[in-house]
Structure formats: C-alpha cells, structure tokens
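# Observations on chain architecture
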Amino acid sequence: SLPRLPLGIVAAGRMSPLAVRAAARRDDDVRALVCLGGLIDVAGRQSLELLRAPLLFMAEAGDTAALKNAQVAAHHIPGEVSIEILDTEDPAACRQRKNRLLRDWFVQHL
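In what follows, the accompanying structure is described. In this text, all values refer to a predicted model and were calculated from it rather than measured experimentally. (Residues numbered from 1 in each chain as written. Predicted model: local features only at pLDDT ≥ 70, side-chain atom pairs only at ≥ 80, totals over all residues. Heavy atoms only, no water.)

## Here's the deal with the overall build of the protein
Scanning the protein from terminus to terminus reveals four helices and four strands. In sequence order, the protein lays out its α and β elements as β-α-β-α-β-α-β-α. Against the compact-globule benchmark of 13 Å for 110 residues, the protein has a radius of gyration of 14 Å, which places it among compact chains. In the protein, which comprises 110 residues, the share counted as buried stands at 37%. Long-range pairs, those at least 24 residues apart, make up 57% of the contacts in the protein between residues at least 6 apart in sequence. Element-wise, carbon and sulfur atoms account for 51% of the exposed surface of the protein, whose accessible area totals about 6700 Å². For the protein, the distance from the average site of its 14 positive side-chain charges to the average site of its 13 negative ones is 6 Å. (Helix = DSSP H or I, 4+ residues; strand = E, 2+ residues; numbered from the N terminus. Rg over C-alpha atoms; globule rule 2.2 N^0.38 Å. Buried < 20%, exposed > 50% of the residue type's maximum accessible area, 1.4 Å probe, protein only. Contact = heavy atoms within 4.5 Å. Areas by Shrake-Rupley, 256 points an atom, 1.4 Å probe, with all protein chains shown as cover. Lys, Arg positive; Asp, Glu negative; His and termini not counted. Charge placed at Lys NZ, Arg CZ, Asp CG, Glu CD.)

## A short note on helix α1 (residues 16-25)
Looking at α1, one finds that the buried residues are Ser16, Pro17, Ala19, Val20, Ala23 and Ala24. Buried residues of α1, seen end-on, are gathered within an arc of 160 degrees and therefore sit on one face of the element. Residues of α1 that are buried sit in contact with β1 (7-12), β2 (30-36) and α2 (45-50). (Arc of directions from axis to C-beta.)

## Here's the deal with the pairing of strand β3 (residues 55-60)
The element β3 is extensively covered by neighbouring structure, given that five of its six residues are classed as buried. Two strands pair when backbone bridges link them, and β2 and β3 are joined in this way by four bridges, in the parallel orientation. For Leu33, the partnering residue across the bridge sits in β3 and is Leu55. What joins β2 to β3 is α2, and the crossover it makes is right-handed. With six bridges connecting them, β3 and strand β4 (residues 81-86) associate as parallel partners. Pairing of Glu60 across the sheet is with Leu86, part of β4. For the crossover from β3 across helix α3 (residues 64-74) to β4, the handedness is right-handed. (Pairing = 2+ DSSP bridges. Right-handed = clockwise from strand over helix to strand, strands pointing away.)

## Considering the nonpolar core
A general feature of soluble globular proteins is that nonpolar side chains tend to end up buried together. Membership of the largest hydrophobic core comes to 20 residues, with the highest contact counts inside it found for Val20, Leu33, Cys35, Ile40, Leu51, Leu55 and Phe57. Mapped by element, the contributors of at least two residues to this core are α1, β2, β3 and α3. A total of four residues in this core trace back to one element, the largest contributor, which is α3. If you look at the next biggest cluster of nonpolar residues, it comprises nine residues, including Leu86, Cys94, Leu101 and Phe106. (Core = buried A, V, L, I, M, F, W, Y, C linked by side-chain atoms within 4.5 Å.)

## Focus: the pairing of β2
Counting buried positions over the seven residues of β2 gives five, a clear majority of the element. Note that β1 and β2 share six bridges and pair parallel. Directly across from Ala11, in β2, lies its bridge partner Cys35. Regarding the hand of the β-α-β motif, the stretch spanning β1, α1 and β2 is right-handed.

Here it is, written out as structure tokens:
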C-alpha cells in the first residue's frame, strides 16, 4: 500500500473556487493551496470558513475584481492566507516570480 502523503493543490481561474471547496472538505489531506486568480468567494462562505490549508492567492495587478474578492474572502478563512500581486509588465519576470512563489509555498507547507 502507498503511504498517505500530504497534498498540495494548484488551481487557476474558474477552478479556484472548486479547489477551495475540495481543500475545505479534505482538510486532513490538503496541506497547501495555491490559487492563480479566480473569484474564490464563489466557493461559498461555509467552505471558506472550513478551509484549514494555507492559501496563497496570486493575481495580476490589473485583475482588480479577483484581488478585491480575495481580500474579502480572506476575512472568512481562519487559516493562513497570503495575497500576492503579480506585475505583468515584464512577462518573463512575472512568470519567474509566480514559479518562485509557488515553489516556496509548497516547500514551506509540505
């Protein structure tokens, strides 16, 4: 049999609220969650309040709807939440920063 290992979830856009729901329901298994944009409050207040996995939310600087939404949703999440704004003026630098944040988040929490 395989050992039970902690899970990390990465979701983007419209999949972000579904990832929040999945992490909230599997709170013993999911140890870290990264959402790249999306409207995470669509997961519902109950899922946000049940979320125990540390959440890293990244959004592009111009995505004001997602950033505002994440800030509101963060008030309902009892666990750790980090919101990062990605500057997209230099796409290569943005991609590098996104990858570094994602890697560091999983190294820290898994």
